[in-house]
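One-letter residues, chain by chain:
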Amino acid sequence: MKKILSIADIKLLVDTFYDKVREDELLAYIFNGVIKDKWPQHLEKMYRFWQTILLGEHTYYGSPFAPHAHLPIEAKHFERWIELFYSTIDELFEGEKATEAKWRAQKMAEMFMLKIEYYKERDSKPLL
Ligand code: HEM
């Protein structure tokens, strides 16, 4: 068990997590349907996203919600996403950043879920 301290740790976290996602019966087809053969690019982006959040090194400049706005995902998908993310963290890491990663992921999943429901109810499109 180690602490999340460097970009190498972030890469280990992201790679291990998306290995699980790609084998998950509920999530794999949703990710693969959008990402297709662009997994290296997606992983690169996700390294930068978590590097920015957890290490305070600002390498991610994007709109995290945008690609999720019209995905066919609901509560059960987010629950599975969180389950896989938490188990990845707990298998590999301990300490303050590990706890923060889980907290951040949970908060973002809640926010994404609320926004998706909001846009679905109104049948409208998000600006971002
Ligand atoms: C069931 C839940 C989720 C699914 C199915 C999902 C799926 C996806 C897909 C298909 C993409 C687009 C990849 C591409 O265009 O190459 C994406 C991007 C992304 N996702 Fe998720 N995601 C989920 C939950 C989350 C959560 C909880 C977070 C945050 C903790 C997150 C963070 C991101 C970020 C930062 C990007 C990149 C956005 C950008 O283009 O800058 N996702 N996700």
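In this text the structure is predicted, and so the values were computed from the model without any measurement.

**Q** It is not clear to me how the confidence of the model for the chain should be interpreted in this structure. Could you clarify?
**A** When pLDDT is low, close inspection of the predicted coordinates is not appropriate. Residue-level pLDDT values for the chain average 95, and 96% of them are 70 or greater. Interface confidence for the predicted complex, given as ipTM, is 0.96, next to a pTM of 0.95.

**Q** Teacher, can you tell me more about the site of the ligand here?
**A** By nearness alone, 23 residues border the ligand, and Val34, Gly62, Pro67, His77 and Met108 come closest of all. Among the elements of the structure, helix H2 (28-35), helix H3 (39-55), helix H4 (75-92) and helix H5 (96-122) are those that each provide at least two residues to the shell around the ligand. The class makeup of the residues in the shell around the ligand is 16 nonpolar, 5 polar and 2 charged.

**Q** Looking at this structure, how should I read H5?
**A** Side chains of residues three or four places apart in an α-helix project in the same direction, reflecting 3.6 residues per turn. Across its 27 residues, H5 extends 39 Å between first and last C-alpha, which sits within 8% of the 39 Å expected from 1.5 Å per residue. Inspection of H5 places Lys97, Ala98, Ala101 and Ile116 among the buried residues, and these make up the whole buried set. For H5, the elements touching its buried residues are H3 and H4. Looking one or two residues past H5, Asp123 carries a phi angle of roughly 50°, positive in sign.

**Q** Just to check I follow, could you spell out the environment of Ala109 for this structure?
**A** Inspection of the secondary structure assignment puts Ala109 in helix H5. The exposure class assigned to Ala109 is partly exposed, which follows from the 18 C-beta atoms found within 10 Å. Aside from chain neighbours lying at most four places away, what touches Ala109 is Phe78, Trp81 and Ile82.

**Q** Looking at this structure, I do not really get the nonpolar core. What am I missing?
**A** What tends to happen in soluble globular proteins is that the nonpolar side chains get buried as a cluster. Of all hydrophobic cores here, the largest spans 14 residues; its most connected members are Ile4, Leu13 and Ile89. Elements supplying a minimum of two residues to this core: helix H1 (7-23), H4 and H5. For this core, the leading source of residues is H4, giving 5 residues. In contact with Ile4, not counting residues within four places along its chain, are Asp9, Ile10, Leu13, Leu54, Phe93, Gly95, Lys97, Ala98 and Ala101.

**Q** What is the right way to read unusual backbone geometry from this model?
**A** Among all residues save glycine, negative phi is the norm, and among peptide bonds the norm is trans. Its identity as a non-glycine residue notwithstanding, Lys36 has a phi of 50°, on the positive side. Mapped onto the elements of the fold, Lys36 is located in the loop between H2 and H3.

**Q** Could you clarify how one ought to interpret the environment of Asp9 in this entry?
**A** With respect to the helices and strands, the residue Asp9 is situated in helix H1. A C-alpha to C-alpha distance of 29 Å links Asp9 and Ile73, two positions 64 residues apart in sequence. Not counting residues within four places of it along the chain, the set of residues in contact with Asp9 comprises Lys2 and Ile4.

**Q** Looking at this structure, I do not really get the packing of H4 against H5. What am I missing?
**A** Two measures define how a pair of helices packs: the angle their axes make with one another and the distance between the axes. Here H4 crosses H5 at 170°, and the two axes come no closer than 10 Å. Judged on the interaxial angle alone, H5 and H4 are roughly antiparallel. Between H4 and H5, the contacting residues are Ala75, Phe78, Trp81, Ile82, Phe85, Tyr86 and Ile89 on the first element and Ala98, Ala101, Lys102, Ala105, Gln106, Ala109 and Met113 on the second. Here the contact of H4 with H5 is built from residues that sort into 12 nonpolar, 1 polar and 1 charged.

Rules and cut-offs
Residues numbered from 1 in each chain as written. Predicted model: local features only at pLDDT ≥ 70, side-chain atom pairs only at ≥ 80, totals over all residues. pLDDT = per-residue confidence, 0-100. Near = placed C-beta within 6 Å. Helix = DSSP H or I, 4+ residues; strand = E, 2+ residues; numbered from the N terminus. Nonpolar A, V, L, I, M, F, W, Y, C, P; charged D, E, K, R; others polar. Expected span 1.5 Å × (residues − 1). Buried ≥ 20, exposed ≤ 12 C-beta atoms within 10 Å, placed from the backbone. Contact = placed C-beta atoms within 7 Å. Core = buried A, V, L, I, M, F, W, Y, C linked by C-beta atoms within 7 Å. Axes fitted to C-alpha atoms, helices over the stretch in contact; angles between N-to-C directions. Parallel < 35°, antiparallel > 145°, perpendicular 65-115°, else oblique.

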